[in-house]
Amino acid sequence: MRKIQMVDLGGQYQSIKEQITSSITQILESSAFINGPEVHTFQKELEDYLGVKHVIPCANGTDSLQIAMMGLGLRPGDEVITADFTFAATVEVIALLQLTPILVDVEPDSFNIDIAAIERAITPKTKAIVPVHLFGQCADMDALLKLAEKHNLYIIEDNAQAIGANYVFPDGTKQKAGTIGHVGCTSFFPSKNLGAYGDGGAIFTNNDDLAHTIRGMVNHGMYKRYHHDVVGVNSRLDSIQAAVLRAKLPKLDGYCDARRVAARKYTKAFENQEHIIVPKTVNRCEGICDTCDCHVFHQYTLRITNGKRDALAQHLGEKGIPYGIYYPIPLHKQKAYADERYREADFPVTNQLVQEVISLPMHTELDDEQITYITNTVLQFVKH
């Protein structure tokens, strides 16, 4: 059996090696390292894939969130609501801009932000909501759009983990994750479903004026060289990363399909297990159906409900199986983001999830032998 990896980027590379080598060689020979043709072509190809008017590449996913908030004109003291159960980058940029982060609980099935908790948290100072499409599927965007319209709020989608996923509205129409709110943000960190070989990110919007503002912001506020029209930052996707992403983009749907195949096999192996809760696709379908495109399984995350999650993690490690615990500490308990306004009673789901979740290896190169070994190892432990 091949060595099991949490993410097998090396194996994935083999199928695109020649294209990447050729593209990088051309970039080296042309020396068009920043804002070169590869960047502009990738931008257009991603716009076409997503069905969005504007893609603005930038240096990383965290920058994409910060620049989106700057572009919307959020000001110090404005309140921004986001999920307590996610990676710190989402709340980090809110704090960096001297906005006021408001953390709320998540749903137990999808791990995504709880709509009722958002509504309870809205005040006259609230200006934006940042739903994080966690682990590969969208938050309830239909409800969020209605809530935002009711209270005149911006929606900034944190789409770092769900690029390629479709959101299905109640009328059956579909829209790509990250293109539904006022602005969407993503990361091209190497382990993402669409990952570069270094840092990278992008911002999506259908708003022409917002796109124009953001295009200047990512390049020191310049639209014309040495003319700084807005306060900006230095955040650009380099040409080599764009070349890698161009090679991978046509394969993204196939990558997501491979992840769903692996997810179905995991779920089948764990069905009817008393102490295992498998991930659910909640966008109006049961289980992981054959036509599922609403979840791209950036992570396959179990809940272990018998209090033995940490013991299982140790067992997996001893058996040579990597795992992830995303996330072990809620944001409201992090020293940097602690606030006396938060009450533990406001975060019952998050406080439970951090004790139960464990993510199994999930990538495009998983084979049946590896999946069988992983699932058997988990089952042997939980049945013991």
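Residues numbered from 1 in each chain as written. Predicted model: local features only at pLDDT ≥ 70, side-chain atom pairs only at ≥ 80, totals over all residues. Heavy atoms only, no water.

(A) Representation of the overall build of the chain within the structure. The helix and strand tally for the chain stands at 13 helices and 14 strands. In terms of overall size, the chain behaves like a compact globule, its C-alpha atoms giving a radius of gyration of 21 Å where 384 residues would be expected to give roughly 21 Å. Looking at the chain as a whole, 55% of its 384 residues are labelled buried. Residue pairs in contact within the chain that sit at least 24 positions apart in sequence constitute 73% of those at least 6 positions apart. For the chain, the accessible surface area stands at approximately 16700 Å², while carbon and sulfur atoms represent 50% of it. The chain carries 37 positive and 46 negative side-chain charges, and their two centres are separated by 1 Å. (Helix = DSSP H or I, 4+ residues; strand = E, 2+ residues; numbered from the N terminus. Rg over C-alpha atoms; globule rule 2.2 N^0.38 Å. Buried < 20%, exposed > 50% of the residue type's maximum accessible area, 1.4 Å probe, protein only. Contact = heavy atoms within 4.5 Å. Areas by Shrake-Rupley, 256 points an atom, 1.4 Å probe, with all protein chains shown as cover. Lys, Arg positive; Asp, Glu negative; His and termini not counted. Charge placed at Lys NZ, Arg CZ, Asp CG, Glu CD.)

(B) Structural detail: the nonpolar core. Core analysis: the largest hydrophobic core is formed by 56 residues, its most contacted members being Leu-46, Phe-85, Ile-118 and Phe-188. Broken down by element, this core gets its largest block of residues, 5 residues, from helix H3 (residues 37–50). Contacts of Ile-118, omitting those with residues within four sequence positions, involve Ile-81, Val-104, Ile-113, Ile-129, Leu-144 and Leu-147. (Core = buried A, V, L, I, M, F, W, Y, C linked by side-chain atoms within 4.5 Å.)

(C) Molecular detail of the sheet that holds strand E12 (residues 276–277). Taking strand neighbours across the sheet as the criterion, the 3 strands line up as E12-E13-E14 in an open arrangement whose pairing is antiparallel. Across the chains shown, the open sheet's two edge strands, defined by having one partner strand only, are E12 and strand E14 (357–360). Pairing analysis gives 2 bridges linking E12 to strand E13 (residues 300–304), with the strands arranged antiparallel. Counted as the bridge partner of Ile-277 is Arg-303 from E13. Where helix H11 (residues 309–318) meets the sheet, it contacts E13 and E14, and its direction lies at approximately 25° from that of E14. (Pairing = 2+ DSSP bridges. Axes fitted to C-alpha atoms, helices over the stretch in contact; angles between N-to-C directions.)

(D) Focus on the pattern of salt bridges. Counted under the stated rule, the structure contains 18 salt bridges. A salt bridge links Arg-309 to Asp-310, with the shortest nitrogen-to-oxygen separation between them at 2.7 Å. Several salt bridges share partner residues, and in doing so they unite Arg-2, Asp-8 and Asp-367 into one network. (Salt bridge = Lys/Arg side-chain N within 4 Å of Asp/Glu carboxyl O.)

(E) Fine view of the packing of aromatic side chains. This model, assessed by the stated rule, comprises 13 aromatic pairs. The interplanar angle of 45° and the centroid separation of 6.3 Å between the aromatic rings of Phe-85 and Phe-111 together place this pair among those described as tilted. Taken as a pair, Phe-85 in the loop between strand E2 (79–83) and helix H5 (89–96) and Phe-111 in the loop between strand E3 (100–104) and helix H6 (115–121) lie far apart in primary sequence, 26 residues in all. Judged by centre distance (5.3 Å) and plane angle (70°), the ring pair of Phe-111 and Phe-135 falls under edge-to-face. Residue Phe-111 is found in the loop between E3 and H6, and its partner Phe-135 is found in the loop between strand E4 (126–130) and helix H7 (141–151); the two are separated by 24 residues along the sequence. Of the two residues, Phe-111 and Phe-135, neither departs from the other in class, the shared state being buried. An aromatic cluster of at least three residues, connected via ring pairs, comprises Phe-85, Phe-111, Phe-135, Tyr-326 and Tyr-327. (Phe/Tyr/Trp six-rings, centres within 6.5 Å; stacked < 30°, edge-to-face > 60°.)

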